[in-house]
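# Architecture at a glance
This is what each chain is made of:
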Amino acid sequence: MKILDARILIIDADPEVVNFLKHHLGNQHVIESIPTGIEGIAKGSSSEYDLYFISMSLPDISGRDVLHAIRDVHEEAICIMMSSNPSIDSAVQTTQMGAYNYISKPFDAEKILPMIHRALERRWYILEARRLRQERENNLAELNVDKSRLATVINAIDDGILVINQKKEIIFYNPRFLQLIHTDRQILIGDSMFRYLPQSLQKQLCEILQKAESEGKTNAIKQEIVIKPPLELVVMANTATIFGENGQCLGAVSVLRDITEMKQLDQSKSHFVNMVAHELKAPLAAIHSYLKMILDNALGDDIVTYNTYLKRSLERTEALIELINDLFNIFRMDSKGVKRNLEKVEVATLLESLVEFFKPKMEEREITVNLALKHGLYINADSEEIRRVFTNLISNAIKYNKYEGHIDITCVADGRWVKVSVKDTGIGMTSEEKDRLFQEFFRAKNIYTRNITGTGLGLAIMKKIVDEYAGRITVETEFEKGSTFTVYLPRVEN
Ligand code: ADP
C-alpha cells in the first residue's frame, strides 16, 4: 500500500518549502518544483503527478486557480495547499474545490510527514481502483467480443442447432435450425419443444433425456430424420446431453445437418450399380448357356450350328467389352480432376476422317451420306473426347437408320459456336423416348430397336463431355421419320 518513487510536484517559489520536502522525501520519491502558477499548471497538467504541493500565494496567479486548473485535467489529483497566512475560509474553500489538505507554513515535520504518508496511501488506493476498473473493462470487452464472435459463428454455420432444458423447453436455436425443420413460426425461448419440433426429433430428445436421468452420462444419438414435404429434406440429427458441474443433466443439444444431397447421391449410386449388374448379367448368362451347350454337345453334330453359337458368344463378348469401355468413360467423366490434353481441333477434318472410318458400315446397309462442312472452324478440346462425341452421333445415325437410309452432316459457324448437325432418316423417337435420351442405360424399346446392340451409355457420356466444354446438344426427332442431333461447341480463332 505504499507508492515507491512517487512523482511529487511542488508549485511554490519559497526555497524553504522545496528544501524541506526534498530533504524528507527526496531519497524515496522523485521531486520536481516550479516557482510560478502558470508554469505549474502547464507541468502539472501535462502528466499526472502522484502528489501536488501548491502554494496559496504564487508570484503570478492564485494557488486556487492552479488547484482548479490541475483538478480540471486530473480529477483525482491529490493536492495539498500550503499557506503562510492560513485562514479557515480559504481552507474550507480549497477543500470544497477538491484539495486533499490545507497546511500552514513553515512545516512541522512531525505533523506533516504522517499526513503526506496518508496522502500517498490514498493515491495508492486511487491507482489500484483505477487498475481494477480498467481490468474489469478489458475483461468485459473481451467477453463481449467473445460472445459476439460465438453468436456470429453459431448463426452462420450451415448446421441447425437446438438446445432444450430438462423440462423440454426450447432455450436456444439458430436460424438454420428453423430452416431445417421448416417452420415459419417464431419459436419463443421457453416454449415447449412439443409445439414445434418434428415428432422424430421430439422422440430422440425424450429418449436421450430419459436415458440420462436413469443412467447418467449417455452417448450421443445419431438418427436420420425426414422432414415432411414440401421440403422433403433428409436431416441427420445428432443429439447429446448437457451435464452440469455437479453431474446433473441440464438438457440436450441437437445438431441438425442436411444430408439430402448425400442421400440422393447414395441412391443414384446404388441405382447405377444395380443397372450395371443388370446389363452385365444378360450377355454373360447368354455366353454361359451357349458355351455350356457346346461343351455338353447339346447342339447335335452340325458344325455350322456350333459356329453360329460361338459367333453369338463372340458378339456378346464384344458387346460386353463395349459396355465396360463405356463404363470406364462414364466413370472418367464423373471423377474430378480428369486430365485433358487441350488442343485446337479443326472440326471439319475430324468429321471427314470419322465418316471415312464408318464408310464400310454405311455401305453394309446401303446408307448414303452428304457432307456440308465449313473448313477452318476450330474448337479448343481434347481430340479424344471430341472424337468420342462425333463417333457416337454418326454411329447412332447409322445404327438407328433404315436400310438404304441417308445421313446429312453439316458443320457451320453459328455466332461464337461451331455447330455440327447429324441428320438421319432413321427410326426416330417418340417424345417420351426423347425425354429420357441422355439418361444412363436408356435404350428405346420398340420393334425397330430389338436387334440393335448398344449400351445406352453413349449419349450420356456425350452429354457429359459437351457440358464440360460449356456446349449444348439439341435433338429434333419424329418417330419413324428420323432424327437430327445438333452439337454446339465454343469456337476459337485459329
Ligand atoms: P446405345 O446406342 O448404345 O443404345 P446411346 O446412349 O447412344 O446408346 O443411345 C441411347 C438410345 O437413344 C438408343 O438406344 C436409342 O434408343 C436412342 N437413339 C440414339 N440415337 C438415335 C438416333 N439417331 N435415332 C433414333 N434413336 C436414337
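Residues numbered from 1 in each chain as written. Predicted model: local features only at pLDDT ≥ 70, side-chain atom pairs only at ≥ 80, totals over all residues. Heavy atoms only, no water.

Attention now moves to the site of the ligand. The environment of the ligand is formed by 20 residues, the closest being Asn396, Tyr400, Arg443, Thr455 and Leu459. In the model, an oxygen atom of the ligand is placed 2.8 Å from a nitrogen or oxygen of the Tyr400 side chain. Contacts to the ligand include Ser483, whose side-chain N or O atom sits 3.5 Å from a nitrogen atom. Coverage of the ligand by the protein amounts to 98% of the 530 Å² it exposes when considered alone. Of all the secondary-structure elements, those providing two or more residues to the shell around the ligand are α11 (383-399), α13 (458-468) and β17 (482-492). Sort the elements by how many residues they give to the shell around the ligand and α11 lands first, with 3 residues. Split by residue class, the shell around the ligand holds 9 nonpolar, 8 polar and 3 charged. (Near = heavy atom within 4 Å. Polar contact = N/O pair within 3.5 Å; in protein donor to acceptor, adjacent residues only side chain to side chain. Areas by Shrake-Rupley, 256 points an atom, 1.4 Å probe, with all protein chains shown as cover. Helix = DSSP H or I, 4+ residues; strand = E, 2+ residues; numbered from the N terminus. Nonpolar A, V, L, I, M, F, W, Y, C, P; charged D, E, K, R; others polar.)

The next subject is the pattern of salt bridges. On inspection of all chains with the given rule, the structure shows 21 salt bridges. A salt bridge links Glu48 to Arg123, with the shortest nitrogen-to-oxygen separation between them at 3.1 Å. With Glu48 in the loop between α2 (37-46) and β3 (51-55) and Arg123 in helix α5 (residues 109-156), this residue pair connects regions lying 75 residues apart in the sequence. Judged by relative accessible area, which is 2%, Arg123 ranks as buried. (Salt bridge = Lys/Arg side-chain N within 4 Å of Asp/Glu carboxyl O. Buried < 20%, exposed > 50% of the residue type's maximum accessible area, 1.4 Å probe, protein only.)

Let us look at the domain arrangement of the protein chain. In terms of domain boundaries, the protein chain breaks down into domain 1 (7-134), domain 2 (159-258), domain 3 (261-334) and domain 4 (340-494). For domain 2 and domain 4, the distance between their C-alpha centres works out to 55 Å. (Domains from an automatic or database assignment.)

On to the sheet that holds strand β4 (residues 79-83). Spatial ordering of the open sheet is given by β2-β1-β3-β4-β5, a layout of 5 strands whose pairing is parallel. Of all the strands in the sheet, the pair left with one neighbour each is β2 (30-34) and β5 (101-104). Geometrically, the sheet is characterised by an average inter-axis angle of 20° between neighbouring strands, direction not taken into account. Bridge count between β3 and β4: 4 bridges; the pairing is parallel. Note on β4: the bridge partner recorded for Ser55 is Met82. Sitting on the sheet, α2 touches β1 (7-11), β2 and β3, and the angle it makes with β1 is about 160°. (Pairing = 2+ DSSP bridges. Axes fitted to C-alpha atoms, helices over the stretch in contact; angles between N-to-C directions. Contact = heavy atoms within 4.5 Å.)

Summed over all chains, the structure comprises 8 aromatic pairs. An angle of 45° between the planes, with centres 5.5 Å apart, marks the rings of Phe272 and Phe441 as tilted. With Phe272 in helix α8 (residues 260-295) and Phe441 in the loop between α12 (431-435) and α13, this pair connects stretches of sequence that are 169 residues apart. Given the relative accessible area of 21%, Phe272 is considered partly exposed. Phe441 gets classed as buried once you look at its relative accessible area, which sits at 9%. The cationic tip of Arg472 hangs over the ring face of Trp417; the distance from NZ or CZ to the ring centre is 5.7 Å. (Phe/Tyr/Trp six-rings, centres within 6.5 Å; stacked < 30°, edge-to-face > 60°. Lys NZ or Arg CZ within 6 Å of the ring centre and 35° of its normal.)

The next thing to look at is the nonpolar core. Phe390 and Val487 are the most contacted members of the largest nonpolar core, which has 49 residues in total. For this core, the element with the highest residue contribution is helix α10 (residues 347-364), accounting for 8 residues. Looking at this core, you find at least three residues from each of domain 3 (261-334) and domain 4 (340-494). In contact with Val487, not counting residues within four places along its chain, are Val389, Phe390, Leu393, Val418, Lys419, Val420, Met462, Val466, Arg472 and Ile473. (Core = buried A, V, L, I, M, F, W, Y, C linked by side-chain atoms within 4.5 Å.)

With 17 residues, helix α7 (residues 199-215) extends 24 Å from end C-alpha to end C-alpha; this agrees with the ideal 24 Å at 1.5 Å per step. Within the span of α7, buried status applies to Leu201, Gln202, Gln204, Leu205, Ile208, Leu209 and Ala212. Looking straight down α7, one finds its buried side chains confined to an arc of 165°; they lie on one side. Exposed residues on α7 whose side chains face more than 90 degrees from its buried face are Gln199, Lys203, Gln210, Ser214 and Glu215. Taken together, the buried residues of α7 touch β6 (160-165), α6 (175-181), β8 (221-227), β9 (233-243) and β10 (249-258). Taken from the residues just after α7, Gly216 is the one with a positive phi, measuring 80°. (Expected span 1.5 Å × (residues − 1). Arc of directions from axis to C-beta.)

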